[in-house]
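# Examination of the molecular architecture
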Amino acid sequence: MASVCFYFQVHQPYRLRRYSIFDADHNYFDDYKNSEICRKVATKCYLPANQCILDMIRVHEGRFRCSYALTGVVLDQFESYCPEVLDSFRRLNETGCVEFLAETYYHSLAFLYSRREFEEQVALQQKKIHDLFGQKSTVFRNTELIYNNEVAAAAAHMGYRAIIAEGADHILGYRSPNYVYRPPTADIRVLLKNYRLSDDIAFRFGNRSWSEWPLTAEKFAQWVNHVNGNGYTVNLFMDYETFGEHQWTETGIFEFLYHMPGAVMGINHDNNFKKPSEVAAAYDPVGEFDCPHLISWADTERDLSAWLGNAMQSNALQEAYALEAAVKEKKDPELLHDWRRLLTSDHYYYMCTKYFADGDVHKYFNPYESPYDSYINFMNVLDNIASRAK
Amino acid sequence: MNIFMLGWEFPPFISGGLGTACYGLTKAMSELGHHVIFVLPQPIAGTVSTHVTLKTPTAQQALAAYRSYTLREFQNVEFRAIPSTLQPYVSPDPRTEAVITGGSEIMVQPHGGGGGAGEAASVNVPMSILSGPRGGFSPGQYGGDMFGEAQRYAEIAVILARGESFDVVHAHDWMTYPAGIAVARALGKPLVVHIHSTEFDRSGEHVNQRIYDVEREGMHAADRVIAVSTLTKNIVTSRYGVPEHKVEVVYNAIDNNGNGYEALPPIGKEEKIVLFLGRITMQKGPEYFLAAAKKVLEFNKNVRFVMAGTGDMTKRMIELAAELGIGQKVVFTGFLRGNDVARIYKMADLYVMPSVSEPFGIAPLEALSHDVPVLISKQSGVSEVLTHVLKVDFWDINEMANKIVAVLRHPPLQATLREHGNFEIQKLTWKDSAQHCVDVYNQAIAARKGAA
């Protein structure tokens, strides 16, 4: 028997407007662009994908299940810019087949800089999820799957039963990501992303020069079925925007998604789909996943260099978190919310110089012409926030 | 490959970015094993300062006087200097125009030709590198003589070329086009013209029709056209009507190992320094630099703006700085030479090139090679090859000030720009540019064969 466990990351940052040294107001965010992007992605991805998942749940009579990590800031933007997306998530929630994971409200790197801020943001996101869907999460995932033994211990401390991490080769070695593991010192289960099969969908699906193109539901079901005898669960973790946004509708990604559960369960009637909490409950850990150093799911390096790879990024992060005490001292909810929206990891990702010259995926997601422009803009905003916190 | 190359200037007879490019290109071609005959006008003593009444030698006189020589670093290059009044850029005093960097010297050895009478057997001259292509040719100063001289020069070049063996003619910028066309026609060789700048870059919309005509004729007569950037290629196709497929972009480069900059001790300074280094002419946008400086000083008083170089707008800029009330914060150094250039780079926190129209712009590469972060206008060819620099529209003074303030305020920004920028320019080598030119020669030769 093989289980498939889906988890989709749903997130949109509050992008900053162009803010120069000549600006002094408190309107830092590009409302027009944020609403435009939110609605565009809703039309291309969130709405059709949610409909597709709902249809799958109905047609398989509850045997198809999946999970989502919804950041607080994307939920806020759905409320402001396209409430119909929230409605469609509510309909999914009503089926009982969908689970929402816990994470930081602002999709931040707070764990690295302030444990207090980290726990506050997780609590905020959990309150939001509870208010909207009445769920209390039992599985935690940190921003961009940033993980080490300490993150696992913190999640265990906060009462979570499982945590999600990248199935990084350099940690796993010869071992398979298709089992449940435990960290060395905390009582929590670790579910690891099967990055090969996840990336076959998320990155390679529409690539015509890929030797496996075109990827059909039947072919993928065979790969999943091969896990039988060497693992319990295939964890397919990816950006939800894979469907319709990164892989366009024309690639057939929605048809693939729709037919995949039938193919997986058809090839072997024991195969099934599980929510992360169900995986954690169903299987005992087979071994230890000892990860003293920080890993993530980003780039080929699977490290933090996308957010902390150069002097600008580390400076911006340090300066931002240095304001925590002063901002909180002010007890001004708007100031606090503004400051926290600057903690969203995307702002630091835009400052990444790693592949800048090659014009790759980093550039695609980057609203700035260059990482330098993004740093300059960010620091101007931060400077204004600092003046309000004085 | 044997190349008959027509330039205007070459170290040590250098005054513009064109000379820097010719130096880099021919040196690399020599290293690649190609043979170059480099023909250039040799200034006639006395003509530069008395250009109103030019004495034009006859063809016979010129031929009798031409100098042939080789340079130590250029194994496969033979130089032919034809006495001529052709001067690429005009200025009242050439010494105030030239910006000399570096400490390396090259040896000029008179060799054959019998000319150059009265010159020492060997002279050490500093290698001169200019901050960028300079325009500023004012036809008013020359009247019609310049065009007549270009024609006369062409005749001499043909006579000279008959005694040489080569595969292709390569002509740099408009003054050599008549000679290039004449040599190519007379000897039935393919012609490649190289556009380092156009009349539109130098003069905006106030183009000199006669120069434009010479440029246009050269581009149309050529088998292939080399442009120093896509920006320039677009001008060549849209303003001169050259078919797009005939134009190839070959970027300039920088010789990272050959500069031999002297290691200088760190300079202790209280103030931040923002540097403008280049000709102070309309093309270079000096007034935008000063307007941005005024805005920067509203946020940060502890900055000095240094304008190094001269040009026909120098006086106007000194006045403008005073009008803006920032006179005491702006330093006009005049022309800098030798180690002064290395020293000013060492002191600078940021180099700004606010050019209004810059076909390429080698100067930012030099700044980066001196570890100085760079802010360039988007209206420059060099912005097509540099990513780890700051870019603004030349007219966007607020954004220019915004970025200057950021660099001065945030050391990590400066550090990241410096580190990545210095690394990035190592990919821009003259060897690649030279090889690219050779590819274009082969295209031109093949096109000839195909047509025949």
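One can find the structure itself at the top, above this paragraph.
Structure report, in brief. (Residues numbered from 1 in each chain as written. Chains lettered and ligands numbered in written order. Predicted model: local features only at pLDDT ≥ 70, side-chain atom pairs only at ≥ 80, totals over all residues. Heavy atoms only, no water.)

### A look at helix α14 (residues 397–409) of chain B
Residues and elements named next belong to chain B. The criterion, for reference: The way it works is that DSSP assigns letters per residue, a run of H or I at least four long becomes a helix, a run of E at least two long becomes a strand, and they are numbered from the N terminus. What a helix is expected to span follows from its residue count: subtract one and scale by 1.5 Å. Accessibility here uses a 1.4 Å probe with only protein chains present; expressed as a share of the type maximum, an area under 20% marks a residue as buried, one over 50% as exposed, and anything in between as partly exposed.
With 13 residues, α14 ought to run about 18 Å at 1.5 Å a step, and its terminal C-alpha atoms sit 18 Å apart, in line with that. Where burial is concerned, most of α14 is hidden: ten out of the 13 residues are buried. Considered for burial, the residues of α14 that qualify are Glu399, Met400, Ala401, Asn402, Lys403, Ile404, Val405, Ala406, Val407 and Leu408.

### Concerning the pairing of strand β12 (residues 303–308) of chain B
All names here are of chain B. For the record, the criterion: Handedness is read with the strands pointing away from the viewer; a crossover is right-handed when the path from the first strand over the helix to the second is clockwise. We call two strands paired when DSSP finds no fewer than two bridges between them.
The buried fraction of β12 is high, at five of six residues. With respect to chirality, the unit in which strand β11 (residues 272–277) leads through helix α10 (residues 286–299) into the neighbouring parallel β12 is right-handed. Sheet topology places β12 next to strand β13 (residues 330–334); four bridges connect them, and they run parallel. Within the sheet, the bridge partner assigned to Met307 lies in β13 and is Phe332. This β-α-β element, β12 to helix α11 (residues 314–323) to β13, shows right-handed connectivity.

### Observations concerning the sheet that holds strand β15 (residues 374–377) of chain B
Adjacent strands of a sheet form backbone hydrogen bonds with each other and so pair up, either parallel or antiparallel. Residues and elements named next belong to chain B. Spelled out, the test is: For every element, the axis is a line fit to its C-alpha atoms; helices are fit only across the contacting stretch, and the angle between N-to-C directions ranges from 0 to 180 degrees.
Strand order in this open sheet of six strands is β13-β12-β11-β14-β15-β16, and the pairing throughout is parallel. Either end of the sheet is taken by a strand with one partner, and the two such strands are β13 and β16 (390–392). Between one strand axis and the next, the sheet turns by 20° as a mean value, whatever way the strands run.

### What about unusual backbone geometry?
Residue A:Pro214 is bonded to the preceding A:Trp213 through a cis peptide linkage, with omega at -5°. The residue A:Pro214 is located in the loop between α8 (195–202) and α9 (217–225) in this model. Phi is positive for A:Glu144, which is not a glycine, with a value near 55°. Mapped onto the elements of the fold, A:Glu144 is located in the loop between β4 (139–141) and α6 (149–157). Residue class for A:Glu144 comes out buried when judged on its relative accessible area of 13%. Residue B:Asp371 is not a glycine yet carries a positive backbone phi of 65°. In this fold, B:Asp371 is placed in the loop between α13 (363–369) and β15.

### Here's the deal with the interface of chain A and chain B
Our working definition: Note on contacts: a residue pair qualifies if any of its non-hydrogen atoms lie within 4.5 Å across the two residues. Each of two parts loses accessible area, computed with a 1.4 Å probe, when they are put together; buried area is these two losses added. In the sections that follow, a salt bridge refers to a side-chain nitrogen of Lys or Arg positioned within 4 Å of a carboxyl oxygen of Asp or Glu. What qualifies as a polar contact is a pair of N or O atoms within 3.5 Å, subject to a donor-acceptor requirement within protein and to the restriction that residues adjacent in sequence count only when both atoms come from side chains. Side-chain classes follow a simple rule in which Ala, Val, Leu, Ile, Met, Phe, Trp, Tyr, Cys and Pro form the nonpolar group, Asp, Glu, Lys and Arg form the charged group, and the remainder, Gly included, forms the polar group.
Between chain A and chain B, the residue contacts involve 19 residues of the former and 22 residues of the latter. Roughly 1900 Å² of surface becomes buried between chain A and chain B when both sides are summed, with 64% attributable to carbon and sulfur atoms. In terms of surface lost to chain B, no three residues of chain A exceed A:Ile21, A:Phe22 and A:Tyr372, which account for 35% of the buried area on that side. In this structure, the connection of chain A to chain B is made through five salt bridges. B:Lys378 is the partner of A:Glu369 in a salt bridge, and the nearest nitrogen-oxygen pair spans 3.3 Å. On the surface where chain A and chain B come into contact, there are seven residue pairs in polar contact (both at pLDDT 80 or more). Only α13 (311–322) and α18 (371–389) of chain A provide two or more residues apiece to the side of chain A that touches chain B. In terms of residue count, α18(A) provides more of the side of chain A that touches chain B than any other element does, seven residues in total. Within the side of chain A that touches chain B, the residues separate by chemical class into ten nonpolar, five polar and four charged.

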